[in-house]
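A look at the structure
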Amino acid sequence: MVERSLGNPVCILDMSFGVKFSLISLLLRALFADSSHSNQVVLLDTTAVLGELGWKTYPMNGWDAITEMDEHNRPIHTFQVCHVMEPNQNNWLRSNWISREAAQKVYAELRFTLRDCNSIPWVSGTCKETFNLFYMETDESHAIKFKPAQYTKIDTIAADESFTQMDLGDRILKLNTEVREVGPINRKGFYLAFQDIGACIALVSVRVYYKKCPFTFRNLATFPDTIPRVDSSSLVEVRGVCVKNAEERDTPKLYCGADGDWLVPLGRCVCSLGYEEMDGTCLACRPGFYKAFAGNIKCSKCPPHSFSYEEGSPLCHCEKGFFRAEKDPPTMACTRPPSPPRNVVFNINETSLFLEWSPPSDTGGRKDLTYNVLCKRCGADPRHCELCGGELRFVPRPQGLVNASVTVLDFTAHANYTFEIESLNGVSEMSSFSRPVTAVNISTDQGGPSLVGVVRKDWASQNSIALSWQEPEQTTVAVLDYEIKYYEKEHEQFSYSSTRAKALSIIITGLKPSTRYVFHIRARTSVGYSSYSPKFEYETGDETSDMAADQGQVLVIVTAAVGGFTLLVILTLFFLITGRCQWYIKAKMKSDEKRRTHYQNGHIPFPGIKTYIDPDTYEDPTQAVHEFAKEIDPSRIRIERVIGAGEFGEVCSGRLRTPGKKEIPVAIKTLKGGYVERQRRDFLREASIMGQFDHPNIIRLEGVVTKSRPVMIVVEYMENGSLDSFLRKHDGHFTVIQLVGMLRGIASGMKYLSDMGYVHRDLAARNILVNSNLVCKVSDFGLSRVLEDDPEAAYTTSGGKIPIRWTAPEAIAYRKFSSASDAWSYGIVMWEVMSYGERPYWEMSNQDVILSIEEGYRLPAPMGCPVALHQLMLHCWQKERGHRPKFTDIVSFLDKLIRNPSSLLTLVEDIQGLPDSPGEVPEYPLFISIGDWLDSIKMSQYKNNFMAAGFTTLDSISTMSIEDVRQIGVTLIGHQRRIVSSIQTLRLQLFHIQEKGFHV
Ligand code: ADE
């Protein structure tokens, strides 16, 4: 059933194809049925067009359109051309106008068969095996006249497989698929055109599409369909919207990559209070359950003595008579006030009363039990009691007692006291019931002193009053001393003072002139205090009352002050003269000592390994340069060409002659004229550092020129320049073993530096140089200067300049640079090497890089990266710097891989599922269950906590925060940290595997 709409296809069929179109149609249906393109938006698909296609051919007898109906009576549009016998063919087929829609970048997928010219007799010279694909963009959607000159060529299309007469006989259909990028298209739409120049082609389908990152859910946020940027190296940042009943924890973001893939999930949403996560949505907690925190935790059963009747409860309410204190967490059971204290006993001796009791039988379910002791004095009628006032002393205190006992001092003899002991807890305040108290009556009738009687004023001056009194009458025991309490009459409520006297009189000083004071006195004996005397009021004198005495005092003070000052001057002069020389000698000794022991970051030198000395510890930087670098006579240097520019001047290549030795190629860094002393010192600091090193993977210093101009640093020449640009230039050219060899060299250089106690701070592929044998050497030394010079270094909030993408989080946050932070940077260098110089974190902003690292995101494995290497990278990027590998571990790990290359065969993209994952790298295992994982981090004791909280898969724990871990009952902070740090590492593995479409 062939419908001929254009030209005459019969002869073509007869002559060249002999293909049954039903065969093509079946093949096409099968092909399209199982191909899913979730991230493609189709603009045209000839297999899906039901009516006429309406494409144009020029000339009319060039291409033929053949439309066959399939078993469902749907048309299959095919275009054929086969004028292989005739020379100078120029047959055009043009599509209809295709709208670009939202696309920025469009792709055309062509499926076609092509006849092998050799299999057609007598056609040599005229038969071709390619055709050309063209496009023309235009805003006009209506058909416009076809003018080939207006079309732009996209490509010449050749077949991967052409078919022969034999294939036809055997009914083998060799269908080719080619995809080409069209555009960029800036107008509203475009035409496609196919130019045949004498081939035998059947174009069986054309599919035109653009790519998008499809609508997706991630971390409880939705992300809309997003069109990638035209520029394939830049990502589109997309903010997610939290699903219903979820809220932002950190702004959820994804980046849309050029291929329509979502990358780098940042931030997340979490289910709100009263809601828990279930299959990517937030469901309300059932009645009887609650969730008090927003977060990825499950709803919990209401704690004891509480209830929730509604769905979605953030909190359970307390049963009647039970309460929750302000600071009680919602997870805690509701509690009630305690019962009263029991079994009060007391013990009174001459001066102290000791009260003790048993804790209440019911603590109310709380641990914050305290006691208050209240003292009352009661007369004969126990109903008439008054509070004891301030005369008693309670040790440790009368209220808020934690222990069930108190000592009472300073009580009065011959008195009746009632002590009420009250038990309290954190919810006592909330209860409207009266307080539970236990009372005890105590009489201190032990023959203590009676009252002090009248207190007299003997005299008063401006600031003093002299008082005297009689001994109490009923003293069976000796009075030890008297306590005199006094205060300003006007300010009684604010404060009072007290003093003691052994005699029966006292002069109280330090009083205000012309002020009325209240005094009362009590006696202290070995059996306690007497009651206070009645209150007596006396006034101090005015200005005229005691001038002479005051003047005398002033004189004494002035004399003492003058004498003291003179002594001070004499002593100071003495110390200055005798101490100065010693101070100078000590300072000098200190600076020498410091230089000898100035190791970076507390580095302790390895026995037998030289230690790096910071050139800044030399007062004279020139001395440091000459200690570590040879002075070269400039006549021995021949500069040949400029190879780069540094902050201080040009970098040149050239030759260095050394008498008796072969001339060697060198790189020469120059210090440009007009420098200030500080720049010269900074420039030469690098030589002072480099000159201390001697290792095959550290750039070798040949010497310096400091005695003539220009000042120069001469180092060995590295033919392949810096590693990052070298890799970019040779993208994909090396074997994995070659790349690992480079990484091994860098690690070995870094091990040497860290053994010497040198912290690089700017380890990055741009600071590694490569020679003609692919040997990599660490270069760019000089600490702050290097960072000033590094275009990647950005200012942080702490004011330092730091290459964010390469730097460990603790170094960014609080400048904690160490060999462990160098190990982090090494991991980034590994990633740069394995991705052939890709920029770490692509076009993400520095701020997003910091945020994503904090969130636990780590760079995924570059394409073609062995699992073992990516795991080593992840190991270097552990948040806890103590968990990162040492450079010595890295070197031996890489050595093992090199010795056993089969360990590098498993690429990250090859992992087909974790249970079967190779496990050839025992140091860096991937886990398969929560139990395994907890065992591996020695936290097996928490298996039940995870299970009980519903965390049964590794997926489910991947977003747990320290708070979530605490919530499930891990109370020790050290354990919380260990678990969360491991989750972060695990998350990277999970993330990466999920990105690749595998499931754990
Ligand atoms: N660029 C900077 N230093 C270099 C060196 N030592 N060799 C080659 N190129 C360089």
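Residues numbered from 1 in each chain as written. Predicted model: local features only at pLDDT ≥ 70, side-chain atom pairs only at ≥ 80, totals over all residues. Heavy atoms only, no water.

1. Here we look at the overall build of the chain
- The number of helices and strands found in the chain is 19 helices and 50 strands.
- Here the chain holds 1000 residues, and 50% of them are scored as buried.
- Considering only contacts within the chain whose residues lie at least 6 apart along the sequence, 65% involve residues at least 24 apart.
- Surface summary for the chain: the accessible area is close to 48,700 Å², and the carbon and sulfur share equals 54%. (Helix = DSSP H or I, 4+ residues; strand = E, 2+ residues; numbered from the N terminus. Buried < 20%, exposed > 50% of the residue type's maximum accessible area, 1.4 Å probe, protein only. Contact = heavy atoms within 4.5 Å. Areas by Shrake-Rupley, 256 points an atom, 1.4 Å probe, with all protein chains shown as cover.)

2. Points about the packing of aromatic side chains
- For the coordinates displayed, the defined rule picks out 31 aromatic pairs.
- Measuring from centroid to centroid gives 5.4 Å for Phe693 and Tyr758, while their planes differ by 65 degrees, and the two rings are edge-to-face. With Phe693 in the loop between α6 (677-690) and β45 (701-705) and Tyr758 in the loop between α8 (736-756) and β47 (768-770), this pair connects stretches of sequence that are 65 residues apart.
- With relative accessibility at 6%, the residue Phe693 sits in the buried group.
- Here Tyr758 falls in the buried class, since its relative accessible area comes to 1%. (Phe/Tyr/Trp six-rings, centres within 6.5 Å; stacked < 30°, edge-to-face > 60°.)

3. Some details on the state of the cysteines
- Inspection of the entire model under this criterion finds 9 disulfides.
- The disulfide partner of Cys375 is Cys388, and the gap between their sulfur atoms is 1.9 Å. Its S-S torsion of about -65 degrees marks the bond between Cys375 and Cys388 as left-handed, since a negative value means left-handed. Placement of Cys375 in strand β28 (residues 370-378) and of Cys388 in the loop between β29 (385-387) and β30 (393-395) is noted, with a sequence separation of 13 residues between them.
- A relative accessible area of 6% means that Cys375 is categorised as buried. (Disulfide = S-S within 2.5 Å.)

4. Some remarks on the nonpolar core
- Ranked by size, the top nonpolar core spans 92 residues in total, and within it Phe693, Leu723, Ile746, Phe781, Tyr826 and Leu894 carry the most contacts.
- Counting residues per element, this core draws most heavily on α8, at 10 residues.
- Beyond its immediate sequence surroundings of up to four residues, Tyr826 is in contact with Leu743, Arg744, Ile746, Ala747, Leu763, Cys876, Phe887, Ile890 and Leu894.
- With 33 residues, the next largest nonpolar core counts Phe79, Ile185, Phe194 and Val206 among its residues. (Core = buried A, V, L, I, M, F, W, Y, C linked by side-chain atoms within 4.5 Å.)

5. Overview of the environment of Ser825
- Structurally, the position occupied by Ser825 is in helix α11 (residues 819-834).
- C-alpha of Ser825 to C-alpha of Leu763: the two residues are 62 residues apart in sequence and 5.7 Å apart in space.
- If sequence neighbours within four positions are ignored, Ser825 has contacts with Leu763, Trp806 and Thr807.

6. Observations concerning the confidence of the model for the chain
- Residue-level pLDDT values for the chain average 81, and 82% of them are 70 or greater.
- Segment residues 30-35: pLDDT under 50, and 6 contacts once partners within four positions in sequence are set aside and those in other chains are kept.
- Below a pLDDT of 50 lies the segment residues 990-1000, which in the model reaches 23 contacts outside its immediate sequence neighbourhood of four places, other chains included. (pLDDT = per-residue confidence, 0-100.)

7. Focus: the side chain of Thr47
- You can see Thr47 is positioned in the loop between β2 (40-45) and β3 (56-58).
- According to the relative accessible area criterion, Thr47 is buried, its value standing at 15%.

8. As for the site of the ligand
- By nearness alone, every residue bordering the ligand is listed as Ile643, Val651, Ala667, Val715, Glu716, Tyr717, Met718 and Leu769.
- Within the backbone of Glu716, one N or O atom sits 2.9 Å away from a nitrogen atom of the ligand.
- Here the ligand has 260 Å² of accessible area as a free molecule, and 82% of this is covered by the chains.
- Considered class by class, the residues forming the shell around the ligand number 7 nonpolar, no polar and 1 charged. (Near = heavy atom within 4 Å. Polar contact = N/O pair within 3.5 Å; in protein donor to acceptor, adjacent residues only side chain to side chain. Nonpolar A, V, L, I, M, F, W, Y, C, P; charged D, E, K, R; others polar.)

9. What about the pairing of strand β21 (residues 281-284)?
- Direction of pairing for strand β20 (residues 275-278) relative to β21: antiparallel, over a ladder of 4 bridges. Across the sheet, residue Glu277 finds its bridge partner in β21, namely Cys282.
- Between β20 and β21, which pair antiparallel and follow one another directly, the connecting turn spans 2 residues, one of which, Asp279, has a positive phi of 50 degrees. (Pairing = 2+ DSSP bridges.)

10. A short note on unusual backbone geometry
- Residue Pro59 is reached from Tyr58 by a cis peptide bond, and omega for that bond is -10 degrees.
- Here Pro59 is to be found in the loop between β3 and β4 (64-69).
- Here the amide bond leading from Val395 into Pro396 is cis, since omega sits at 5 degrees, within 30 degrees of zero.
- In this structure, Pro396 sits in the loop between β30 and β31 (405-409).
- One non-glycine residue, Asn343, adopts positive backbone phi at about 50 degrees.
- Its location among the elements puts Asn343 in strand β26 (residues 342-348).
- Its identity is not glycine, yet Leu774 carries a phi of approximately 65 degrees, on the positive side.
- Summarising the element assignment, Leu774 is placed in the loop between β47 and β48 (776-778).
- Taking relative accessible area as the criterion, Leu774 reaches 21% and is therefore assigned partly exposed.

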